[in-house]
Amino acid sequence: MAWNDERVELLKKLWSEGLSASQIAGRLGGVTRNAVIGKVHRLGLSGRATTSRMKSHRPRTRTAANARRVQQKTRFAPQGNPALRALYQPEAEPFTPSVEELVIPPKERRTIQTLTECSCRWPIGDPQSADFHFCGKTKVTGLPYCEFHARRAFQPPQPRRREREIQEPRIPALAANASEDKESADV
């Protein structure tokens, strides 16, 4: 259905009364909500009358927990791509391996181009140095690493705090303190 002058005037009237685009589309008939929004945009209609529903809306007050969350988020602003950060921050510490690594003879070392389907893909060294290579030993079926590196990469999960507290009950300690308090009260 085309937009004639009569329908445009009705659209302007309903829009100024504060009706939503869906409500206007329903009253006009034969147009969709998106068609109403598009026409309003093309006509440049922006000012709307406020409805009782709009007036009843009160802005949310920030609770202490929400304010803390917002503060924590903004306190640690990201500083760009972490992979490229070392290139632009010369004062950053150079790469140091965290734990002892397997010593791979130079003949067995693999580069990204020489890795095969059955090669361990554990990276060794700093990717920016010429000495960087991959382990290259035979990998464990279903994993990307050899047995040594699979044990480093896939460690068993640690028990959760709740589970540790259940295993290590604190009740005897409380009972001992209570009996001490009782003895001191008797004296």
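Below, the discussion takes up the side chain of Lys39. Looking at where Lys39 falls in the secondary structure, it is placed in helix α3 (residues 33–43). Although Lys39 is buried, it forms no salt bridge, and the closest oppositely charged side chain is Asp5 at an N-O distance of 8.0 Å. Excluding anything up to four places from it in sequence, Lys39 contacts Trp3, Val8 and Leu11.

Core analysis: the biggest nonpolar cluster contains eleven residues, these being Leu11, Leu14, Trp15, Leu19, Ala21, Ile24, Ala25, Leu28, Val31, Val36 and Val40. Contributions of two or more residues to this core are made by α1 (5–16), α2 (21–28) and α3. Element by element, the count of residues in this core is highest for α2, at four residues. Discounting residues that sit within four places of it in the chain, Leu28 has contacts with Trp3, Arg7, Leu10 and Leu11. Core analysis: the second largest hydrophobic core is formed by eight residues, Cys120, Trp122, Cys135 and Ala150 among them.

Moving on, we get to the confidence of the model for the protein. In low-pLDDT regions, the fine details of the predicted coordinates are not to be read closely. Across the protein, pLDDT averages 75, with 57% of residues at or above 70. When pLDDT is averaged over each element of the protein, α2 comes out on top at 91 and helix α9 (residues 171–186) at the bottom at 53.

Evaluation of the coordinates by the stated rule reveals four salt bridges. Its salt-bridge partner being Lys12, residue Glu9 comes within 3.9 Å of it at the nearest N-O pair. With Glu9 and Lys12 both in helix α1, this residue pair falls three residues apart, about one helical turn. Its salt-bridge partner being Glu17, residue Lys13 comes within 3.1 Å of it at the nearest N-O pair. Taking relative accessible area as the criterion, Lys13 reaches 45% and is therefore assigned partly exposed. Overall, Glu17 belongs to the partly exposed group, its relative accessible area being 37%.

This paragraph deals with the packing of α1 against α3. Viewed as axis vectors pointing N to C, α1 and α3 meet at an angle of 90 degrees, and their least axial separation amounts to 11 Å. On the basis of the axis angle, α1 is roughly perpendicular to α3. Counting all contacts with α1, which are made through Val8, Leu11, Lys12 and Trp15, the residues of α3 involved are Val36, Lys39, Val40 and Leu43. Of the residues assigned to the contact of α1 with α3, the class counts are six nonpolar, no polar and two charged.

Taken residue by residue, α3 has Val36, Gly38, Lys39 and Val40 as its buried positions. In the core, the buried residues of α3 are packed alongside α1 and α2. Taken from the residues just after α3, Gly44 is the one with a positive phi, measuring 75 degrees.

What counts and how
As a convention, each chain's residues are numbered from 1 in the sequence order in which they are written. A pLDDT threshold of at least 70 governs which residues receive local features in this predicted model, and a stricter bar of 80 or more applies before side-chain atom pairs are shown or counted, although totals over entire chains, interfaces and linings include all residues. Hydrogens are left out, water is left out, and the side-chain values use all remaining heavy atoms of the structure. Secondary structure is summarised from DSSP: a helix means a run of H or I of at least four residues, a strand means a run of E of at least two, and numbering begins at the N terminus for each. Exposure classes here rest on a 1.4 Å probe applied to the protein chains alone. A residue is buried below 20% of its type maximum, exposed above 50%, and partly exposed in between. In this tally Asp and Glu are treated as negative and Lys and Arg as positive; neither His nor the chain ends contributes. Salt bridges are defined by distance alone: a side-chain nitrogen of Lys or Arg within 4 Å of a carboxyl oxygen of Asp or Glu. Residues are treated as being in contact if the distance between any of their heavy atoms lies within 4.5 Å. The set of buried Ala, Val, Leu, Ile, Met, Phe, Trp, Tyr and Cys residues whose side-chain atoms join them within 4.5 Å is what this entry labels a nonpolar core. The predictor attaches a confidence to each residue, called pLDDT, with possible values from 0 through 100. Angles shown run from 0 to 180 degrees and are taken between the N-to-C directions of axes, each axis being a line fitted to C-alpha atoms and, for helices, limited to the stretch in contact. For this classification, under 35 degrees means roughly parallel, over 145 means roughly antiparallel, 65 to 115 means roughly perpendicular, and everything else is oblique. Asp, Glu, Lys and Arg are counted as charged, while Ala, Val, Leu, Ile, Met, Phe, Trp, Tyr, Cys and Pro are counted as nonpolar; the rest, among them Gly, fall into the polar class.

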